[in-house]
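As a plain string of letters, each chain reads:
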Amino acid sequence: MDLKELYREVILDHNRHPRNFGRLDPADAVADGHNPLCGDRLTVTLRLAGDVLEDIRFQGNGCAISVASASLMSEAVRGHTRENISALFGRIHSLLTGADAPSDAPAADLGKLAALSGVREFPARVKCASLCWHTLNAALSNADAAAAERGAPPTISTE
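In every chain, residue numbers begin from 1 and rise along the written sequence. At least 70 in pLDDT is required for a residue's local features to be given in this predicted model, at least 80 for side-chain atom pairs to be given and counted, and no such filter applies to totals for whole chains, interfaces and linings, which use all residues. Side-chain calculation: all heavy atoms of the structure are included, whereas hydrogens and water are not.

## Here we look at the overall build of the protein chain
Only runs of H or I of at least four residues qualify as helices and only runs of E of at least two qualify as strands under DSSP, and these elements are numbered from the N terminus. Along its length, the protein chain carries four helices and three strands. The helix and strand sequence of the protein chain, counted from the amino end, reads α-β-β-β-α-α-α. For the protein chain, buried positions account for 40% of its 159 residues. Contacts between residues were defined by any pair of non-hydrogen atoms, one from each residue, lying within 4.5 Å. Considering only residue pairs separated by 6 or more positions, the protein chain has 60% of its internal contacts joining residues 24 or more positions apart. Here's how the labels work: a residue is buried when its accessible area is under 20% of the maximum for its type, exposed when over 50%, partly exposed in between, all with a 1.4 Å probe on protein chains only.

Structural data, given as structure tokens:
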């Protein structure tokens, strides 16, 4: 099986059997995302333990790329710090948009997220794959706002 076929299988598997699908209750933050170009909609709920993303869930409707990307993202970010998540977002954004020199073999350290590399060949689908990442960032911002309302010290981002 070649690399492109393997990546296609990962996308199909995560679309058919999305991981972390559902809603966290209680959640520290919630954010809704919508891609008006294709109608993808999703909600991200998360729970934080200090600066670490302890748990994450997503729910909604979207194309196979949107659902698979959210599923892959939810597996990849759980247990990581905001700083690591921010760095990963940058790498995924570059992977999706081809901002880095495209290659047939994305960085192996991305693990299953490398399956999203084929999206750059279809520019109209980049927003489908990145919707969940932008929604996660919004949820993290919402968590900061909720903490500020409770009087908790804000989390400092090193972005």
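## Comments concerning helix H3 (residues 82-97)
Because an α-helix completes one turn every 3.6 residues, residues spaced three or four positions apart along the sequence face the same direction. The span expected for a helix works out to 1.5 Å for each residue beyond the first. Between its first and last C-alpha atoms H3 spans 22 Å; for 16 residues at 1.5 Å apiece the expected length is 22 Å, and the two agree. Considered for burial, the residues of H3 that qualify are Arg 82, Ile 85, Leu 88, Phe 89, Ile 92, Ser 94, Leu 95 and Leu 96. One or two residues past the end of H3 sits Gly 98, with phi positive at roughly 75°.

## Comments concerning the sheet that holds strand S2 (residues 40-49)
Strand order in the open sheet formed by three strands is S1-S2-S3, with antiparallel pairing between adjacent strands. Each having just a single partner strand, strand S1 (29-35) and strand S3 (52-61) make up the two edges of the open sheet. Averaged over all pairs of adjacent strands, the angle between strand axes in this sheet comes to 20°, irrespective of strand direction. As a rule, the C-alpha atoms of each element are fitted with a line to give its axis, helices using only the stretch in contact, and angles between N-to-C directions run from 0 to 180 degrees. Contacts from helix H2 (residues 64-77) reach S2 and S3 within the one sheet, and its direction differs from that of S3 by about 170°. What makes two strands pair is DSSP finding at least two bridges between them.

## Some thoughts on the pairing of S2
Along S2, seven of the ten residues are buried, which leaves the element largely enclosed by surrounding structure. Here S1 folds back onto S2 in antiparallel fashion, the turn holding four residues, of which Gly 39 has a positive phi close to 90°. Both S2 and S3 contribute to a ladder of nine bridges, which runs antiparallel. Pairing of Thr 45 across the sheet is with Arg 57, part of S3. The antiparallel hairpin formed by S2 and S3 contains two residues in its connecting segment, where Gly 50 sits at a positive phi of about 70°.

## Quick notes on the pattern of salt bridges
Each reported salt bridge corresponds to a side-chain nitrogen of Lys or Arg within 4 Å of a carboxyl oxygen of Asp or Glu. Enumeration over the complete set of coordinates arrives at seven salt bridges. The closest approach of N and O atoms between Glu 5 and Arg 8, which form a salt bridge, is 2.5 Å. With a gap of three residues between them, Glu 5 and Arg 8 both fall in helix H1 (residues 3-16), about one helical turn apart. Accessibility expressed as a relative area gives 27% for Glu 5, which makes it partly exposed. Residue class for Arg 8 comes out partly exposed when judged on its relative accessible area of 45%. Note that Arg 78 is salt-bridged to Asp 55, the shortest N-O span being 2.6 Å. Here the residue Arg 78 occupies a position in the loop between H2 and H3, and Asp 55 occupies one in strand S3, the gap between them amounting to 23 residues. Judged by its relative accessible area of 12%, Asp 55 is buried.

Taken by themselves, the reported measurements are silent on function.
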